Amino acid sequence: MIKFLFKGIIRDKSRSILPIVVIALGVSLTIVLSGFLSGAMTDMVDQNARFETGHVKIMSRAYAENKEQLPNDLALLGVDSLVSYLKSNYPDLQWVERIRFGGLLDAPDSEGESKGQGPAAGIAINLLDASSGEVERMNIEKAIVSGALPDEANEALIGDEFAKKLKLNIGDEVTYFGTTMNGSMTFQNFTISGTVRFGMAAMDKGAILLDISAARQMLDMQNGVGEILGFFHNGVYNDKAALALENSFNDQLKSNPDEYAPQMFTLRSQNNLGDLLDYANSMSAIFVMIFVGAMSVVLWNTGLIGGLRRYQEFGIRLALGESKGKIYRSLVIEATLIGVIGSLIGTGIGLVGAFYLQNYGINIAGMVDNSSMMMPTVMRAKVTPNLYFIGFIPGVFAMVFGNMLSGIGIYKRETASLFKELEV
Amino acid sequence: MITTRNYTGKMKINILLFSFLFMWIMPGQAQDAQTILDKVDKNMVSKTEITESEMVIRGKRNVQTIGSKSYTEGNKKSFTEYLYPERERGTKMLKLEDRLWIYSPSTDRTIQLSGHMLRQSVMGSDLSYEDMMEDRKLKDIYDAIIVGEETIDERKTWILELTASVEDVSYYKRKIWVDQERFIPLKEELFAKSGQLLKKTTLSDISQIDGRWYPKKINFKDVLKSGNGTDFIIKKIQFNPTIPAYIFTKASLKK
Amino acid sequence: MKLSFQLAFRNLMGAGLRTWLNVGILTFTFLVILFYNGLLDGWNLQAKRDAINWEFGYGQFQHKNYDPYNPFSLQDAHGVFNIRNTSGLIPLLMRPASIFPNGRMLSVTLKGLPKNQQLLKIPVDQLNEQVGAIPVAIGKRMAKTAKLSLGDEISLRWRDKNGTFDAANVKVDAIFNTTINTVDQGQIWMRLADLWRITGMNNEATLMIADQPMPDTSYKDWNYVNQEKLLQNINDVIEVERASARVIYFILLAIALLAIFDTQVLSVFRRQKEIGTYIALGMTKSDVIGLFTLEGSMYSLFSMLLGTLIGLPLFGYLSQKGISFGAFTADLGIGMGDRIYPSFSPSLLISSALIIIISATIVSFIPARKIVTMNPIDALRGKLQ
């Protein structure tokens, strides 16, 4: 029976193509937009994750206690083995190392004398290796006002206003002056490869961005790191998975009395992001509900139209003696088949779109009069697991429901009036 | 969160502590106290000095030993070169009166710390650059009196109390315990205006070098911070050698 | 007209579930747009109010050496002011200092504010004379960072005007809760008289905060920064948020309208017999188009009604009770409170309602236009066209 109906659907283009196209379109629209809005709702949380908290973050216990002070003397050591342990045991996440530090920048004039000095807030990330994803994650390329990304470890990016204050140009050399993790004095020259503006005043007026290898050397932190950040590969924070990860990681170290033992923190438990996350999630749930509701109406209508279009056909089939129940059942099964096919196609297209928007996003900078880049002006989608099935709600259920309703008409028809109606 | 306000890099500017040593020239105003201090000066101070020393910095997680060689002339000029460990080797510091330059070989840069920078605490440590810039004689900025006697490690000492006689000093009050036989300070405490103890210096391993008593180990401790403080150990000391003038020039930093 | 309304109303009621689904979706959309805008307005208002009340006042005279982003600048950023010429200005003196929680040094900014000032909400007025320790007020985050509780004493070290080290115990006499991170983290507040006394900087200040807007002027060492400029940061953040909010409700509205549009298409397609009957009964085609358009826009009227029913108590409650976001302060330089109280202004309500009604009417009208091309006789016969 299903095989027969399937053939019917394939062969009768009007029965198949149009509804399938409509369903596929509706379903894919639902998915893309749901993903997009979930992403948009969580942009602030996302921004925090990218710049500060990661999806999970590992610090030494002592560092975590004093993290506001950037206490690199309490940093994690033996990081290589820890990172390779993380990589092999928790492959769902990308693990990146970062060091934050303070110090002074001193700009020399042509004689080598200081022409300007200022306190610097340093961030060392993996700038040179694109596979770390850090440059993209922190949106550095977009933040560059002049110059370019560093090509070598002895190059650095500094805040645009900072550069102006120190009268530095691209290609100039600047000396960092600070303390190593052991408290000794340390100096390092860097060539300014570019200036950046993130829209955060503290950073624009004092940031220096280095490659982590340079920072390690400079701060005497070989095999040490302030923070290890973990990001889920798909770029989307998964609260449940992160919490489970946090528990499993910290449980193993529970009995370790070392105050420098690593400790993992989820995004939720940092910077009081938990409530914001809950809010974002419930808002995006409401959006998804609206979409599914709206799409259900649309596809239900499509189902109705489908039923109506075949008014004549049903009349003929009734006239030929087919039972009403059989026609009704075949209608419903056909609708289910069309719904499933359409939803599958739609989900496929929708996911492609959602993934695209997750990676590239929509830039709304043009809508902002005073684009300060304070916040991400690129709105991105967020592909969550529920996107894989929500399309089927409007796609299958609404379609079938619409057909079922329109099909009720079949039972109302009298054989006697059939021929009159059909005008044969 | 990145804010420069949180920035408290922790630097113990190693050899800066050394400057405390140069503050012993101080005939006090109370006659007895002044006599004692004069005798201390005879032991502790010479016109020029070349010192090889070691600093032991006890961090929370490790102990670092840094070696250096210093040339000093009076208390206006000093030049220090770091010898080890490898990281520190070749770093030099020159102080001429109220100016301070630091040279680092890896960057081949000489950085002068000036203006408000000098008043900053050095990278969040308890010492300010200014601490090491003090080049006035103690007698010019403090009034000294004997306030008591005490026995420290079976040695009898006088307790001298120094109170600032001018306004712009870093420490309003100092207390010094001086060995009654050998005229060597065994302990010093630095106080805030409010009377709160800020720093403590303990001198030990006193032995005779070139006919004078000299402490070979000095421990500096910031009492507000946790930890055991920093040790300063004299390996070798020459009193009144001839130091060529070029040592105390900026050019010598790059050599 | 009245007849049209009655007809449209009956038709919609007759459609039952589908009508209510459409209305429900539109209502939701309406409420979300309102809620989202209200939230942003509330946040904006609150962030600005808090910034004004805790930090900026109505503008500030800043000492020429003052750079809020360079802690080193504090050393020299102070000057004597003339009390007589500065009525209405609240002096605020800032000095660098250190405290030592757990034996680690923590750099802080010591801030002195007159005890009797009413302009800023920093609770200096709760700091009372006491023997021994100097009473101070700190923010909640600072208390957490420095591990301090009410009544705790901690050693504070600073330098007086001559650079002489001084130290004393300070006692935490007040812990305040603010959304403004910059008056909280790394800041210790005391009475200006105390700060003057311990530093010997009588009559000096770093900032002079105005209690009313002033013309942009500079006066000797003091540069006036107006409130608008001080609040620039908040405006920028809200601007970006608004832009992304616009994208969000454009999408929401579009999808809600799509449902109405589709329903209209279906109605015109399915109810041809009815259309034919109307025309047969003497209605003009444009009357019928009007009727169908009215039906469509009636969805929006219903949803306004439903939205008011749900929204009035819900939003009333929310704007009273606020919405909790925890103590989150994003790295934005803008405060976000424990609770945000959405703000629903009449202009917001009216403009949102108008947008919904007008756009619903437009999408209802477009499919209804098809009626013009219909052959009334075929329509009457119910023949599908």
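Everything numeric here is computed off the predicted structure, so don't read it as measured data.

Let us look at the overall build of chain B. Helix and strand content of chain B: four helices and 13 strands. Evaluated residue by residue, chain B yields a buried proportion of 46% over its 255 residues. Within chain B, contacts between residues at least 6 apart in sequence are counted, and of these 47% link residues at least 24 apart.

This paragraph deals with the overall build of chain C. The number of helices and strands found in chain C is 10 helices and 14 strands. Relative to its length of 385 residues, chain C is extended, with a C-alpha radius of gyration of 32 Å against a globular reference of 21 Å. Taking the principal axes of its C-alpha atoms as reference, chain C extends roughly 105 × 45 × 30 Å. Split into buried and exposed, the 385 residues of chain C put 50% on the buried side.

Let us now look at the environment of Lys57(A). Residue and element names in this part refer to chain A. Looking at the secondary structure, you find Lys 57 in strand S1 (residues 56-60). Taking the C-alpha atoms as reference points, Lys 57 and Met 404, 347 residues apart in sequence, are found 52 Å from one another. Ignoring sequence-local partners within four residues, the contact set of Lys 57 consists of Glu 227, Leu 229, Phe 265 and Gln 270.

Our focus in this paragraph is the packing of helix H12 (residues 273-309) of chain A against helix H6 (residues 232-270) of chain C. Remark: H12(A) packs on H6(C), axes separated minimally by 9 Å, with the N-to-C direction vectors making an angle of 15 degrees. With respect to H6(C), the axis of H12(A) lies roughly parallel. Here H12(A) and H6(C) pass one another in a crossing that is left-handed. Contacts from Phe287(A), Ile290(A), Phe291(A), Ala294(A), Val297(A), Val298(A), Asn301(A), Leu304(A), Ile305(A) and Leu308(A) in H12(A) reach Leu252(C), Ile255(C), Ala256(C), Leu258(C), Ala259(C), Asp262(C), Thr263(C), Leu266(C), Phe269(C) and Arg270(C) in H6(C). Partitioned by chemical class, the residues of the contact of H12(A) with H6(C) number 16 nonpolar, two polar and two charged.

Next up on the list: unusual backbone geometry. Cis geometry is adopted by the peptide bond preceding Pro85(B), which originates at Tyr84(B) and carries an omega value of 0 degrees. Among the structural elements, Pro85(B) can be located in the loop between strand S3 (77-84) and strand S4 (92-96). A positive phi angle, close to 55 degrees, is found at Asp205(B), a residue other than glycine. By the element assignment, Asp205(B) lies in strand S11 (residues 197-209). Unlike most non-glycine residues, Asn203(C) shows phi in positive territory, near 65 degrees. Residue position: Asn203(C) is located in the loop between helix H4 (192-199) and strand S9 (204-205).

Before going further, it helps to examine the packing of helix H8 (residues 285-321) of chain C against helix H9 (residues 346-368) of chain C. All names here are of chain C. Two elements in contact, H8 and H9, have axes separated by 8 Å at closest approach and are oriented at 150 degrees. With respect to H9, the element H8 is oriented roughly antiparallel. In this structure, H8 meets H9 at a crossing whose hand is right-handed. For the pair H8 and H9, contact is made by Ile 289, Phe 292, Thr 293, Glu 295, Gly 296, Ser 297, Tyr 299, Ser 300 and Met 304 and by Ala 353, Ile 356, Ile 357, Ala 360, Thr 361, Val 363, Ser 364, Phe 365 and Ala 368, respectively. When the residues that make up the contact of H8 with H9 are grouped by side-chain class, the tally is 11 nonpolar, six polar and one charged.

Between the first and last C-alpha of helix H1 (residues 2-15) of chain C there are 20 Å, a value that for 14 residues agrees with the 20 Å anticipated at 1.5 Å per step. Where H1(C) terminates, the next one or two residues include Gly16(C), which has phi positive at roughly 60 degrees.

Turning our eyes to something else, we now look at the pairing of strand S12 (residues 212-222) of chain B. All names here are of chain B. Summarising the sheet, S11 and S12 pair through 10 bridges and their orientation is antiparallel. Pairing of Thr 202 across the sheet is with Asn 219, part of S12. The turn joining S11 and S12, which pair antiparallel and follow one another in sequence, is formed by two residues; a positive phi near 50 degrees is taken by Asp 210. Relative to strand S13 (residues 230-239), S12 runs antiparallel, the two sharing four bridges. Bridge pairing in S13 places Phe 220 opposite Thr 230.

It is worth spelling out the environment of Phe183(B) at this point. Residues and elements named next belong to chain B. In this fold, Phe 183 is placed in the loop between strand S9 (173-179) and strand S10 (185-191). Separated by 25 residues in sequence, Phe 183 and Trp 158 place their C-alpha atoms 9.6 Å apart. Once residues lying within four places of it in the same chain are set aside, the contact partners of Phe 183 are Ile 36, Lys 39, Val 40, Asn 43 and Val 178.

Residue and element names in this part refer to chain C. Averaged over every residue, the pLDDT of chain C is 82; the share at 70 or more is 94%. Highest mean pLDDT in chain C belongs to strand S8 (residues 187-191) (94); lowest belongs to helix H10 (residues 376-381) (69). Contacts for the low-pLDDT stretch residues 329-333, under 50 throughout, to residues beyond four places or in other chains number 18 contacts. In the model output, the complex is listed with pTM 0.76 alongside ipTM 0.73.

Turning our attention to the nonpolar core. Ala294(A), Val136(C), Leu252(C) and Ala256(C) are the most contacted members of the largest nonpolar core, which totals 272 residues. Looking at this core element by element, the count peaks at 19 residues for H12(A). What Val136(C) contacts, discounting residues up to four positions off in sequence, is Leu127(C), Val170(C), Lys171(C), Val172(C), Asp173(C), Ile188(C), Trp189(C) and Met190(C).

This brings us to the confidence of the model for chain B. Residue and element names in this part refer to chain B. Averaged over all residues, the pLDDT of chain B is 77; the fraction at 70 or higher stands at 79%. Long-range and interchain partners of residues 1-31, a stretch whose pLDDT sits below 50, account for 117 contacts in this model, where long-range means more than four residues apart. Of the regions scoring below 50 in pLDDT, residues 121-126 engages in 28 contacts with residues more than four places distant in sequence or in other chains.

All names here are of chain B. Here S4 pairs with strand S5 (residues 99-104) via five bridges, running antiparallel. Bridge pairing in S5 places Leu 96 opposite Arg 99. Linkage of S4 to S5, two consecutive antiparallel strands, is achieved through a turn of two residues, within which Glu 97 is found at a positive phi near 50 degrees. Connecting S5 to the antiparallel partner strand S6 (residues 109-113) that follows it, the hairpin turn spans four residues, and Asp 108 within it adopts a positive phi of roughly 55 degrees.

Further remarks concern the environment of Ala280(A). Residue and element names in this part refer to chain A. Locating Ala 280 in the fold gives a position in helix H12. Looking at Ala 280, the number of C-beta atoms within 10 Å reads 23, which means it is buried. Considering only alpha carbons, one finds Ala 280 and Tyr 90, 190 residues apart in sequence, at a separation of 26 Å.

Rules behind the numbers
Residues numbered from 1 in each chain as written. Chains lettered and ligands numbered in written order. Predicted model: local features only at pLDDT ≥ 70, side-chain atom pairs only at ≥ 80, totals over all residues. Helix = DSSP H or I, 4+ residues; strand = E, 2+ residues; numbered from the N terminus. Buried ≥ 20, exposed ≤ 12 C-beta atoms within 10 Å, placed from the backbone. Contact = placed C-beta atoms within 7 Å. Rg over C-alpha atoms; globule rule 2.2 N^0.38 Å. Axes fitted to C-alpha atoms, helices over the stretch in contact; angles between N-to-C directions. Parallel < 35°, antiparallel > 145°, perpendicular 65-115°, else oblique. Left-handed = near helix turned anticlockwise from the far one by under 90°. Nonpolar A, V, L, I, M, F, W, Y, C, P; charged D, E, K, R; others polar. Expected span 1.5 Å × (residues − 1). Pairing = 2+ DSSP bridges. pLDDT = per-residue confidence, 0-100. Core = buried A, V, L, I, M, F, W, Y, C linked by C-beta atoms within 7 Å.

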